[in-house]
Amino acid sequence: MLLRRCLLSTAAAAARGPPPIRVDLTESAGRGVFATRPIPTGEFLHSAQPLVCHPSPSLLHEVCYSCLRRKAGAGRASSGGYYFCSDACREHAKGFHDVEKNADWSSFEDHCSSRGLKYPYMVKRLACMVISGAANADCLNILQPARLHQGTLIEMEEEFEVLKSTFRKAGFQEEVTTFLTKEWYVNVLTRIRINAFRIELVARSYEDLLSSAAASVSCDASVGNAVYMLPSFYNHDCDPNTHIVWLENVDAKLKALRNIEEGEELRICYIDTSMDVNARQRILADGFGFECHCLRCLSGD
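Bear in mind the structure is a predicted one, so any value in this text is a computation, not a measurement.

Participant: Help me understand the overall build of the protein in this model?
Facilitator: In terms of regular secondary structure, the protein is built from nine helices and twelve strands. A total of 301 residues make up the protein; the buried ones form 46% of that total. Across the protein, the fraction of contacts at a sequence separation of at least 24, relative to all contacts at a separation of at least 6, is 67%. When the accessible surface of the protein is totalled, it reaches about 15300 Å², and 51% of it is carbon and sulfur.

Participant: In this structure, what is going on with empty space enclosed by the protein? I would like to understand it.
Facilitator: Vacant regions in the atomic arrangement are exposed by a probe of water-molecule size rolled over the atoms. Evaluation of the coordinates by the stated rule reveals two cavities of 30 Å³ or more. Lining the second largest cavity are His54, Pro55, Ser56, Pro57, Lys118, Tyr121, Met122 and Asn225. Secondary structure elements with two or more residues in the lining of the second largest cavity: strand S4 (52-55) and helix H4 (119-132). Tallied by class, the residues present in the lining of the second largest cavity amount to four nonpolar, three polar and one charged.

Participant: What should I look at first to understand the packing of aromatic side chains in this one?
Facilitator: For any two aromatic rings, the description comes down to two numbers: the centre-to-centre distance and the angle of the planes. The full count for this structure, using the stated rule, is 14 aromatic pairs. Measuring from ring centre to ring centre gives 4.1 Å for Tyr65 and Tyr82, while their planes differ by 10 degrees; the resulting arrangement is stacked. Here the residue Tyr65 occupies a position in the loop between S4 and strand S5 (76-77), and Tyr82 occupies one in the loop between S5 and strand S6 (83-84), the gap between them amounting to 17 residues. For the pair shown, Tyr65 and Tyr82 are each scored as buried. Each ring, one from Phe167 and one from Phe172, has its centre 5.4 Å from the other, and the planes form 80 degrees; the classification is edge-to-face. Like Phe172, Phe167 is buried. The residue whose ring lies beneath Lys124 is Trp105, and the NZ or CZ to ring-centre distance is 4.6 Å. The residue whose ring lies beneath Arg125 is Tyr65, and the NZ or CZ to ring-centre distance is 4.4 Å.

Participant: Where do I start with the pattern of salt bridges in this structure?
Facilitator: Pairing is possible between side chains of opposite charge, provided their charged atoms come close. Tallied over the full model, the rule gives ten salt bridges. Here Asp24 makes a salt bridge to Arg22, at a shortest N to O gap of 2.8 Å. Of the charged contacts in the structure, one is a salt bridge between Asp301 and Arg296, with a shortest N-O distance of 3.4 Å. When its relative accessible area of 48% is taken as the criterion, Asp301 is described as partly exposed. Because the salt bridges share partners, they merge into one network encompassing Lys94, Asp98 and Lys101.

Participant: For this particular structure, what's the right way to read the nonpolar core?
Facilitator: Across soluble globular proteins, you tend to see nonpolar side chains buried next to one another. Counting residues in each nonpolar core, the largest one holds 73 residues, and the members touching the most others are Leu126, Phe167, Trp184, Ile192, Ile199, Tyr228 and Leu266. Tallying contributions element by element places H4 first for this core, with ten residues. With residues up to four places along the chain from it excluded, the contact list for Ile199 reads Leu68, Ser222, Val223, Gly224, Asn225, Ala226, Tyr228, Trp246 and Val250. Ranked by size, the runner-up nonpolar core spans eight residues in total, among them Cys238, Cys269, Ile271 and Cys297.

Participant: It is not clear to me how the pairing of strand S3 (residues 44-48) should be interpreted in this structure. Could you clarify?
Facilitator: A regular strand carries its side chains on alternate faces of the sheet. Counting buried residues along S3, four of its five residues qualify, which places the element largely inside the surrounding structure. With four bridges joining them, S3 and strand S11 (residues 252-256) adopt antiparallel strand pairing. By the bridge assignment for S11, His46 is matched with Leu254.

Participant: Help me understand the packing of helix H3 (residues 106-115) against helix H5 (residues 150-169), please; the structure alone is not making it clear to me.
Facilitator: A pair of packed helices is captured by two measures, namely the crossing angle of their axes and the spacing between those axes. Remark: H3 packs on H5, axes separated minimally by 9 Å, with the N-to-C direction vectors making an angle of 160 degrees. Relative to H5, the element H3 lies roughly antiparallel. Between H3 and H5 the crossing geometry is left-handed. Touching Ser107, Phe108 and His111 of H3 are Glu158, Glu159, Val162, Leu163 and Thr166, all from H5.

Participant: Help me out: how do you make sense of helix H2 (residues 87-100) in this one?
Facilitator: Structural remark: α-helix, 3.6 residues per turn; residues separated by three or four positions point the same way. The end-to-end C-alpha distance of H2 is 18 Å, a good match for the 20 Å that 14 residues give at a rise of 1.5 Å each. Within H2 the residues assigned to the buried category are Cys89, Ala93, Phe96, His97, Val99 and Glu100.

About the thresholds
Residues numbered from 1 in each chain as written. Predicted model: local features only at pLDDT ≥ 70, side-chain atom pairs only at ≥ 80, totals over all residues. Heavy atoms only, no water. Helix = DSSP H or I, 4+ residues; strand = E, 2+ residues; numbered from the N terminus. Buried < 20%, exposed > 50% of the residue type's maximum accessible area, 1.4 Å probe, protein only. Contact = heavy atoms within 4.5 Å. Areas by Shrake-Rupley, 256 points an atom, 1.4 Å probe, with all protein chains shown as cover. 1 Å grid on protein atoms, 1.4 Å probe; cavity = no way out; pocket = protein on both sides within 12 Å on 5 of 7 lines; lining within 4 Å. Points joined across faces, edges and corners; volume = space filled by probe spheres on them. Nonpolar A, V, L, I, M, F, W, Y, C, P; charged D, E, K, R; others polar. Phe/Tyr/Trp six-rings, centres within 6.5 Å; stacked < 30°, edge-to-face > 60°. Lys NZ or Arg CZ within 6 Å of the ring centre and 35° of its normal. Salt bridge = Lys/Arg side-chain N within 4 Å of Asp/Glu carboxyl O. Core = buried A, V, L, I, M, F, W, Y, C linked by side-chain atoms within 4.5 Å. Pairing = 2+ DSSP bridges. Axes fitted to C-alpha atoms, helices over the stretch in contact; angles between N-to-C directions. Parallel < 35°, antiparallel > 145°, perpendicular 65-115°, else oblique. Left-handed = near helix turned anticlockwise from the far one by under 90°. Expected span 1.5 Å × (residues − 1).

Any link to function would need more than the numbers given here.
Okay, here's the thing in structure tokens:
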């Protein structure tokens, strides 16, 4: 029932015309997203498809390798054993997946698994998309990069060497991997680290709720991660007026949490809103590189 209401609301929003938003500069937080008209509570503002996404490593065979939709009954597996929920997703993934199938990723996967890494998988996918012609090497450059510590940079350089070695051992010609430099890897990963969203799908059934609970116990409640263009322009607030949701797959939906005035900035919350102010400030400083000065934080709530 919840999913049906969400889908009907999204369809109604699409029928009203272009999204009621604009991207502009804010006074203190760089780019932001603003309302171009009054927006009522509950309105779906727009949807967004990812620039790049990847399933959670522990769910590679449980969600669609392309759109991250949870497996439900018989799907279509590739020769590599990954699940695709439809012929359309299989076709959409064909470019990067054909590149992937020509290489042995065991060393790369062992490196990431032993260190608990997830974002290098997204860089790997983007590299395969570039090689296949499905994406431009500079497609993430418009996004804000994360700040780096020296130790983090050293780790990234190690990851790059494993990725580069995998392509080299697979026999990819230098002319198709010219873009794959240490600078490119670091540039992409710093943007993924700060702009990636955890994809947590709306539960459609009791079985989905049980599956989500089981995933939470194993410390991997999300079905994967994704980076988007427009949603990445939304700034943070610990008391947000907008929320991002995922209904069935990786396509994001932005929804108004309360009445929003024309010209008001639309903000989402990057973290768990239930945490106290000290915990929120620590996570935002460590993970996103800024101190939050929203009204909720200033009040000490």
